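What follows is the residue order along each chain.
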Amino acid sequence: MSPKLKHPLSRMRCFCSKTLSQNHRKYPINQVTKTNFSDSLEEIQKRISSSDFIAVFLQNTGSFSSPWHRVSPFDTSDTAYLKAKYAAERFQILQFAICPFKLQASKVIAYPYNFHLFPRDELKIGMPSYSFTCQTSCLTSMAKEGFDFNACIYDGISYLSKAQESAAKVRLGNPIAVDHVTKSSSASALSVADTVFIERIKSRVKHWKSVYTDSSAKIDEALVRSLRKIVLGSEQCGTRPCMTIDVCSERQVQLVLQMLEDHSGDLVPLIIPAKGGGTQAVRVVLTSSEEDRGLFRRELETLEVEQNRRARGFREVIDLISASQKPIVSHNSLNDFTFIHSKFLAALPPNVDEFISSLHLAFPQVLDVNHLVKDIGLVRKTTNISATMSYLKNRFFAPIAMEIPHQGTENEDKIHGQNVVKISHLFGKLYFILKMTPSAIQSGDHHLASAIHGHANIFNIKPSRPQEAIDEDINIWTNNARKVSCKDVVFLWGFKDRISAGMLKDQLQGSHEVFTEAFDVKLVDRSCAIVVFWQPGLSETFLNVMNSKEISGPLREMVSEGMKAAGYDIYKSVVSSGFWESLLADALDKALGGPNYVSDSDSETKQSEIYWFSELMINLDEL
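Let me sum up the structure you'll find in this document. These numbers come from a predicted model, not from an experiment.

**Thoughts on the environment of G126**
Item 1. By the secondary structure assignment, G126 is in the loop between β5 (113-116) and α4 (136-144).
Item 2. On the basis of relative accessible area, G126 is assigned to the partly exposed category, the value being 44%.
Item 3. Sequence spacing of G126 and A168 is 42 residues, and the spatial spacing of their C-alpha atoms is 9.3 Å.

**Focus: the sheet that holds strand β18 (residues 528-533)**
Item 1. Sheet architecture is open: four strands sit in the order β17-β18-β16-β19, paired in antiparallel fashion. Looking along the sheet, the strands with just one partner apiece sit at the ends: β17 (519-525) and β19 (564-567). Pairwise comparison of adjacent strand axes, ignoring direction, gives a mean angle of 25° for this sheet.
Item 2. Across five bridges, the pairing between strand β16 (residues 489-493) and β18 is antiparallel. Bridged to V490 within β18 is V531.
Item 3. Strands β16, β17 and β18 of the sheet are contacted by helix α19 (residues 501-508), whose axis makes an angle of about 135° with β17.

**What about the side chain of T279?**
Item 1. Turning to its location among the elements, T279 is positioned in strand β10 (residues 279-286).
Item 2. Classification of T279 by relative accessible area gives buried; the value is 18%.
Item 3. A polar contact is formed between the side chain of T279 and the side chain of E250, at a distance of 3.1 Å.
Item 4. Beyond its immediate chain neighbours, meaning those up to four positions away, T279 contacts V247, E250, V253, I271, I272, P273 and A274.

**Structural notes on the pairing of strand β4 (residues 107-110)**
Item 1. Of the strand pairs in this sheet, strand β3 (residues 93-104) and β4 are connected by four bridges, and their pairing is antiparallel. Bridge pairing in β4 places K102 opposite I109.
Item 2. Summarising the sheet, β4 and strand β13 (residues 401-403) pair through three bridges and their orientation is parallel. Paired with I109 across the two strands is E403, which belongs to β13.

**Some remarks on the pattern of salt bridges**
Item 1. Under the definition given, this model contains 16 salt bridges.
Item 2. As a salt-bridge pair, K107 and E403 come within 2.9 Å of each other at their nearest N and O atoms. Placement of K107 in strand β4 and of E403 in strand β13 is noted, with a sequence separation of 296 residues between them.
Item 3. Classification of K107 by relative accessible area gives partly exposed; the value is 39%.
Item 4. The exposure class of E403 is partly exposed, given its relative accessible area of 28%.

The rules behind these values
- Residues numbered from 1 in each chain as written.
- Predicted model: local features only at pLDDT ≥ 70, side-chain atom pairs only at ≥ 80, totals over all residues.
- Heavy atoms only, no water.
- Helix = DSSP H or I, 4+ residues; strand = E, 2+ residues; numbered from the N terminus.
- Buried < 20%, exposed > 50% of the residue type's maximum accessible area, 1.4 Å probe, protein only.
- Pairing = 2+ DSSP bridges.
- Axes fitted to C-alpha atoms, helices over the stretch in contact; angles between N-to-C directions.
- Contact = heavy atoms within 4.5 Å.
- Polar contact = N/O pair within 3.5 Å; in protein donor to acceptor, adjacent residues only side chain to side chain.
- Salt bridge = Lys/Arg side-chain N within 4 Å of Asp/Glu carboxyl O.

Next up, the structure:
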């Protein structure tokens, strides 16, 4: 579907100047901390339910400590995921901005919220408190924006992931109320041991209950009654008396529950789970009446809801977003959602396929504005939102304005969370240009529905067409987009410091006959470069020459000075083995010298291709 080109400039000057001023304004963002989190949940739920899309933006304590650690165009899906996984497991989220918004005519009606987070051990069980890494550059940037680190630490919202919450319930051993007892088919065939056990427990419960219900007891027998309570193991559950019955098997649990149901209407049984699974004991609570019995059950339900909410913390918002099944809009989906999965769902899976499968259960549709920008042909040096918006204004007619109804926040002067509004605004323009309107989708336009589906769930950097995202491709930047197999890529290191890609290419030309054919060079960091051979087979020839004793000429001199080369399989080994050295050259040396290195000849590898092209990713750090 072709985009709608812009009207004549004479008709657009007023609109452009208005939009330009909007780009520099500060929008009112609801700042949410632990203090006002509970009060905000109901409102947030309504905004999510009534929205078309939900934009997200994360502010972390860091991202990638070295240039080659970043998810780069020359990464396959596997290596890109492992890099993002490494960052998500090291760094922490301090701010999580969400913006439920809907598109109406030429407006984006948005309701942005910025949540301040901090992992705090609210339940005193050792979760989710753990150490995390901070980058000084990220903290400095947040400090310049006026971020209050003290408020974050003391008033930031904590949380548990779903996996951590499940583990916490087991560790806490909270009692579970029993609504009804399922009669066992073998209940009539009681063994001698079963009968002895039931009679012993029945006698114990009877004597314990009589201590509290016998009104004929005299005051001077108070000491005797107190001693009897101790002997019978009486405890307190709030203001109500209770006793604990230890059990050795689930069979005994069923026997105790059936005995209590058959003989007592004022006793409420509670299951005490064991830390290793199963049941540790049955707790019996004595209520004074049928009304008190119902009141106690309601108190248990309220206590469970409050404790679950306390454990979930900010994850309640994640659960609301997931339950809504609304499309999620991000500016860097792979990095954002590895963080989201790691912190709020469960530990990250070992490979990208399992990650995407797990993530789709919670978030079926994820849209990345970077891929939408590429799909309309934006390919040259638009590395931030402002540049992208200017490009769209100059080339397309997309009269989309932002509208943020006043939310009554006390922190409207704060700038935290502005990026999520910019993402929403940019998405609105891209959506308009790509003709993906919610009304068209709801009206049954299958072509438009497939259009949005084609843009969803593209988690690594790809050149343009969404159907190509299913291939395991790599992208490397230059002026032309050309498909290249990973087998034609060589990593080169050990050259002189402070050398440019052009200088290195000049040195290689003429050093050997393989460099008489077309090739290209790009630096990954100051220690390592990528060499792409445009003629298939030359990379293998070059690697064989580098490892041969018959090497001669200028190339031999470069090797004698320390230059080394390796194929793409070595780079994969670096990432999969976790050799996260500061310089890629050091990591490659470590991989080559390690005992776990496996070459292509020893294992099956996927057929991979790369794209040598000029597209850059939108970087919100350069606003």
